[in-house]
Amino acid sequence: MVNRRQFISTAAAGTAMWWRFPQPASAQATRYDLIIRGGRVVDPSSNLDAVRDVAISAGRIDAVGPAISGETANTLDARGKIVAPGLLDVHTHAARSADGPPLMLEDGVTGWIDAGSYGADRIDEAVAVARSAPQPGRVLINIGRGGVLPDGDTMDLARADVAAARSAIERNREFIVGVKARLSREVAGPNDYEVMRRAQEVATSFNLPIMIHMGQTVSPLSRLFPLLKRGDIVTHMFAPPPNSIVDDGGRILPEVTAARGRGVWFDVANGQTGHIRWDTVGQIMAARFWPDTFSTDWNTNSRRTGVVDLPNCMSKLFGYGMNVSDAIARATVNAARVFPLFNGRGTLKAGAPGDVAILELREGTFEFVDNYKNTITGKQRLFPVETILAGRRIQRTPA
């Protein structure tokens, strides 16, 4: 039999034990660093397009759901806005200036690749910009050791220097993630095939992809495309003839179809000169050969050109059959598959980096320009409103 003294002693010990262990989760208020409330969450990685809240803790996505409850240090009202994973731009020239990456971040771009601004002679400058960027950034080394040159990167074939490119990659292995070969007539001239072969020689020795700038080449694509391997990227895929990815009848070339079949990526890279023309866009989209990724070919002057920003470039294909989710997929989950830097990004799944692009989809009449001063009119356009990087709000500077 337990006497009164023993009962009190046992009860006290039990109370002490109860306080020693954490309370059940239902009895504790969950605390978040930021909750984005009431936005239209578009996350193609989860096939999600619905009004939801997004909670972020310790720089990572904590939860996505309706009416998330819990304490939070900050709340962002996203009603009437699109809440998407942070945008990833696989073809920029952001590494030309330290001002570039912060400007792109304001436009919702939380990860970027510089596509060959510099070759072996100046690649350290690009790497320095990538190192100091607020968001993850990496560079492709131009096979032309002088980088982008007014008189043509590899018009002098000696500039396609395999040994110099290899040496540059060896000393910057963390930041160089591929090799760029610009192949247009005014860039490589009749050297295009050999330039591409040398780029592939460098890339394969480090198990890296090449990105080729196509369109208006001297050599036909039927000669160039067999050099492409799985994981390589064809950029400027909407470039018009000569040597577009479609024939005169608007049919996709068999070598192009074969390249996609073996795992080659096809990218937009809007740019400013020679890379996109509406009639060619119409043919390619009608053939249902849609891009794998959107990109801008962006530089610090882009807001004053037909590029403007990545959301603007994404909006240009709404008139060709794409919807909002299609477009966002090509700047998020699809782009995340192209470079290892982006592994685990481009998604709002729990545990992913807390990178978010807040966009506004406006209805109206919007004029979009190609690289040949031709215009089309669209009824919708995406505008960047705010960016979240690792759970931290980045305000956009008014234009």
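Here the structure is a predicted model, which is why all the values come from computation and not from measurement.

The rules behind the values
- Starting afresh in each chain, residues are numbered from 1 along the sequence in its written order.
- For this predicted model, a pLDDT threshold of at least 70 governs which residues receive local features, and a threshold of 80 or more governs which side-chain atom pairs are given and counted, while totals over whole chains, interfaces and linings are taken from all residues.
- Side-chain measures were taken over the full set of non-hydrogen atoms in the model, leaving aside hydrogen atoms and water.
- Helix and strand assignments follow DSSP, with helices taken as H or I runs no shorter than four residues and strands as E runs no shorter than two, numbered in order from the N terminus.
- Two residues qualify as a contact provided that any one of their heavy atoms is within 4.5 Å of a heavy atom in the partner residue.
- Residue exposure ignores everything except the shown protein chains as possible cover, and the areas themselves are Shrake-Rupley values with a 1.4 Å probe.
- Only four residue types enter the charge count: Lys and Arg as positive, Asp and Glu as negative, with His and the chain ends excluded.
- Here the site of a charge means atom NZ of a Lys, CZ of an Arg, CG of an Asp or CD of a Glu.
- Type-normalised accessible area, obtained with a 1.4 Å probe on protein chains alone, sets the label of each residue: buried when under 20%, exposed when over 50%, and partly exposed for intermediate values.
- Between any two strands, pairing holds if DSSP finds at least two bridges.
- Geometry is summarised by axes, namely lines fitted to C-alpha atoms with helices restricted to the contacting stretch, and by angles between N-to-C directions that run from 0 to 180 degrees.
- This arc is taken over the directions from the axis of the helix to the C-beta atoms.
- pLDDT measures how confident the predictor is about each residue, on a scale from 0 to 100.

*Asks:* Break down the overall build of the chain for me, citing the residues and quoting the values.
*Replies:* Regarding its fold elements, the chain presents 11 helices and 15 strands. Seen through its principal axes, the chain has C-alpha atoms that stretch 100 × 50 × 40 Å. The long-range fraction of contacts in the chain, counting pairs at least 24 apart against all pairs at least 6 apart in sequence, stands at 71%. Carbon and sulfur atoms make up 50% of the accessible area of the chain, which totals about 16,900 Å². Looking at charge distribution, the chain has the averaged site of its 46 positive side-chain charges lying 6 Å from that of its 41 negative ones.

*Asks:* Give a description of the side chain of T154 that names residues and reports values.
*Replies:* If you trace the backbone, T154 turns up in the loop between β8 (137-142) and α4 (162-171). Here T154 falls in the buried class, since its relative accessible area comes to 1%. Apart from the residues within four sequence positions on either side, T154 is in contact with I143, G144, A160, R182, V187, A188, N191 and V195.

*Asks:* Lay out the sheet that holds strand β11 (residues 233-235) in plain terms, naming residues and giving numbers.
*Replies:* As summarised here, the arrangement of the 7 strands in space is β6-β7-β8-β9-β10-β11-β12, forming an open sheet in which the pairing is parallel. For this open sheet the edge positions go to β6 (87-92) and β12 (265-266), each flanked by a neighbour on one side alone. Pairing of β8 with strand β9 (residues 176-182) involves 4 bridges; the strand directions are parallel. For L140, the partnering residue across the bridge sits in β9 and is G178. Running over the sheet, helix α3 (residues 123-132) touches β7 (109-115), β8 and β9 and is turned about 170° from β8.

*Asks:* Give a description of helix α9 (residues 278-286) that names residues and reports values.
*Replies:* For α9, the full list of buried residues reads W278, T280, V281, I284 and M285. Each buried residue of α9 sits inside an arc of 155° when the element is viewed along its axis, so together they form one side. On the buried face of α9, the contacting elements are β13 (356-369) and β14 (375-389). A positive phi of about 65° marks R288, the residue just after α9.

*Asks:* Outline the pairing of strand β1 (residues 31-43), supporting the account with residue identities and numerical values.
*Replies:* Pairing analysis gives 6 bridges linking β1 to strand β4 (residues 71-77), with the strands arranged parallel. Within the sheet, the bridge partner assigned to I36 lies in β4 and is L76. In this sheet, strand β2 (residues 48-57) lies alongside β1 in antiparallel orientation, the contact comprising 8 bridges. Its bridge partner lying in β2, V41 is registered against A50. The hairpin turn running from β1 into β2, its antiparallel successor, is 4 residues long, and N47 in that turn takes a positive phi close to 50°.

*Asks:* Could you give an account of the confidence of the model for the chain, naming the residues involved and the relevant values?
*Replies:* Mean pLDDT for the chain: 93, with 92% of residues reaching 70 or above. Summarising per-element confidence for the chain, the mean pLDDT is lowest in helix α1 (residues 4-20) (37) and highest in strand β5 (residues 82-85) (99). Predicted confidence is poor over residues 1-27, with pLDDT under 50, and the contacts of this stretch with residues over four places away or in other chains come to 5 contacts.

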